[in-house]
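One-letter residues, chain by chain:
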Amino acid sequence: MNHQEKTMQGLKVLFIGGSGIISAHCTKQAVDAGMDVYLLNRGIRNLRQVPEGVTTFVADSRDKQAVLDAIGGHHFDCVVSWVNFTPEQVKQDVEIFAGRTGQYVFISSASAYQTPPTHMPVLESTPLKNPFWEYSRNKIACEDLLTAAYREEGFPITIVRPSHTYDETMIPFDGGWTIVERMRAGRPIIVPGDGTSLWTITHSRDFARGFTGLLGNTSAIGEAVHITGEETPSWNQIYTQVAAAAGVPDPVLVHVASESIAEADPEWGAGLLGDKSHTMIFDNTKIRSLVPGFTASIPFSQGAREMIAWHDSDPTRRTVDAHMDAIMDGLAEAYAPRRLRL
């Protein structure tokens, strides 16, 4: 057992959330590392099982008094918020956990970085500016609030910026399983742009290994760090690897400008223009310096096989988004080469 593993033993951590796409593997990794793990959530049954030995507080994290009642007199070495998206939510956490934790970890987003970036690879010092997506601007505002709390009040923050992180339950496209159903039926799939922009995609098990090493890590106090995979496939490669895992050797890909997609569906378009349509490559030097030995080792081809197997194992998981299905039909009719039109 190395020094880092020893310091993790018995660490008392509270995850607000803790059973989502990214956080579930972090919860398991924390338990496996010997931490004393608590979750705070609404007690709603989730796709992912909570590991044995975890204590769950049932409360709505948006209800300040309910949170205070649930945690009682507990003090935590680390508190991690997986579910805060606005400054108002973060402000409440600062009020609740000031003096109750040795470290508060806020889950921000790599989409907060300058979009589109002027320099790559993206570093933690890359400016935070996203004029396209309100989600990202809210995350930036949350970071600003926490940075001020750290500088002015000594509130012990660590900011973590995941990029596109997935697990077996998540098909990494807008529309989810709808895309796979269309692939298997030989129907056209809408790919933003020309599909050649490069995209960093990260398995949540890889993320968890880096993330867990930040908990209780005094060198991470006051710092912001991203945790991403090392693989940067093009979007064409991401779509074709999912198709191959689904048994479709030659999917029908139709390339449509992100602006045209935004015109057809503003919500889908906001996530493209504010995030996914831009090449994003990250430098992971900082997380490796804070968590020696960290590496992302799961290739997307393996992750794609895991997600298809998970969905195929239960028909109830294979749901089609009728709205997205119709939007794709319309875009394909408008933009596909004539020989591919519906």
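It should be emphasised that the depicted structure is a prediction, and the values quoted were computed from it without experimental measurement.

Q: Sorry, what's going on with the overall build of the protein chain here?
A: The secondary structure content of the protein chain amounts to 13 helices and 11 strands. What you see for the protein chain is a C-alpha radius of gyration of 21 Å, in line with the 20 Å of a compact globule of 342 residues. In the protein chain, which comprises 342 residues, the proportion classed as buried is 52%. A sequence separation of at least 24 residues applies to 78% of the contacts in the protein chain between residues at least 6 apart. Between the averaged position of the 29 positive side-chain charges in the protein chain and that of its 40 negative side-chain charges there is a distance of 2 Å.

Q: Sorry if this is basic, but what is going on with empty space enclosed by the protein here?
A: A water-sized probe, rolled over the atoms, reveals where empty space remains. A full pass over the atoms with the stated rule returns one cavity of 30 Å³ or more. Of the voids in this model, the largest cavity is the one considered here, and its volume is about 70 Å³. Forming the walls of the largest cavity are Pro 172, Phe 173, Asp 174, Pro 192, Trp 235, Tyr 239, Trp 268, Leu 272 and Lys 276. When residues of the lining of the largest cavity are traced back to their parent elements, those giving at least two are α8 (235-245) and α10 (266-276). With three residues, α10 is the single largest residue contributor to the lining of the largest cavity. Here the residues of the lining of the largest cavity sort into seven nonpolar, no polar and two charged.

Q: Got a minute to help me understand helix α5 (residues 134-153) in this structure?
A: With 20 residues, α5 extends 28 Å between its outermost C-alpha atoms, agreeing within 8% with the 28 Å of an ideal straight helix rising 1.5 Å per residue. Turning to α5, its buried residues number three or more, namely Ser 136, Lys 139, Ile 140, Cys 142, Glu 143, Leu 146 and Ala 149. In the core, the buried residues of α5 are packed alongside α4 (87-97), β5 (104-107), β6 (157-162) and α10. Count one or two residues on from α5 and you reach Gly 154, which has phi positive near 75°.

Q: Is there a simple way to think about the nonpolar core in this case?
A: Nonpolar side chains tend to gather and get buried jointly when the protein is soluble and globular. Formed by 41 residues in total, the largest nonpolar core has its most connected members in Ile 190, Tyr 239 and Trp 268. Counting only elements with at least two residues in this core, the list comes to α6 (177-184), β8 (189-192), α8, β11 (253-256), α10, α12 (300-312) and α13 (322-335). With residues near it in sequence (within four places) discarded, Trp 268 still touches Asp 174, Ile 190, Ile 261, Met 324, Ile 327, Met 328 and Leu 331. Grouped together as the second largest cluster of nonpolar side chains are 30 residues, Val 13, Cys 26, Leu 214 and Leu 290 included.

Q: Just to check I follow, could you spell out the environment of Arg 205 for this structure?
A: Within the secondary structure layout, Arg 205 lies in helix α7 (residues 204-212). Remark: the alpha-carbon pair of Arg 205 and Lys 28, spanning 177 residues in sequence, is separated by 9.5 Å. Sequence-distant contacts of Arg 205, defined by excluding residues within four places in its chain, comprise His 25, Ile 298, Gln 302 and Glu 306. Side-chain polar atoms of Arg 205 contact the side chain of Glu 306, separated by 2.9 Å.

Q: Hey, could you run me through the pairing of strand β1 (residues 12-16) in this one?
A: Regular strands place side chains that alternate from one sheet face to the opposite one. With five of five residues buried, β1 lies mostly within the body of the structure. Sheet topology places β1 next to strand β2 (residues 36-41); five bridges connect them, and they run parallel. If you follow Lys 12 over to β2, its bridge partner there is Asp 36. Handedness of the β-α-β unit built from β1, helix α2 (residues 23-32) and β2 comes out right-handed. Across four bridges, the pairing between β1 and strand β4 (residues 78-81) is parallel. In the strand pairing of β4, Leu 14 is matched with Val 79.

Q: Can you help me understand the pattern of salt bridges in this one?
A: Pairing is possible between side chains of opposite charge, provided their charged atoms come close. Under the defined criterion, the tally for this structure stands at 14 salt bridges. One salt bridge connects Glu 95 with Lys 64, and the closest N-O pair in it is separated by 3.1 Å. Residue Glu 95 is found in helix α4, and its partner Lys 64 is found in helix α3 (residues 64-71); the two are separated by 31 residues along the sequence. A relative accessible area of 41% places Glu 95 in the partly exposed class.

What counts and how
Residues numbered from 1 in each chain as written. Predicted model: local features only at pLDDT ≥ 70, side-chain atom pairs only at ≥ 80, totals over all residues. Heavy atoms only, no water. Helix = DSSP H or I, 4+ residues; strand = E, 2+ residues; numbered from the N terminus. Rg over C-alpha atoms; globule rule 2.2 N^0.38 Å. Buried < 20%, exposed > 50% of the residue type's maximum accessible area, 1.4 Å probe, protein only. Contact = heavy atoms within 4.5 Å. Lys, Arg positive; Asp, Glu negative; His and termini not counted. Charge placed at Lys NZ, Arg CZ, Asp CG, Glu CD. 1 Å grid on protein atoms, 1.4 Å probe; cavity = no way out; pocket = protein on both sides within 12 Å on 5 of 7 lines; lining within 4 Å. Points joined across faces, edges and corners; volume = space filled by probe spheres on them. Nonpolar A, V, L, I, M, F, W, Y, C, P; charged D, E, K, R; others polar. Expected span 1.5 Å × (residues − 1). Core = buried A, V, L, I, M, F, W, Y, C linked by side-chain atoms within 4.5 Å. Polar contact = N/O pair within 3.5 Å; in protein donor to acceptor, adjacent residues only side chain to side chain. Pairing = 2+ DSSP bridges. Right-handed = clockwise from strand over helix to strand, strands pointing away. Salt bridge = Lys/Arg side-chain N within 4 Å of Asp/Glu carboxyl O.

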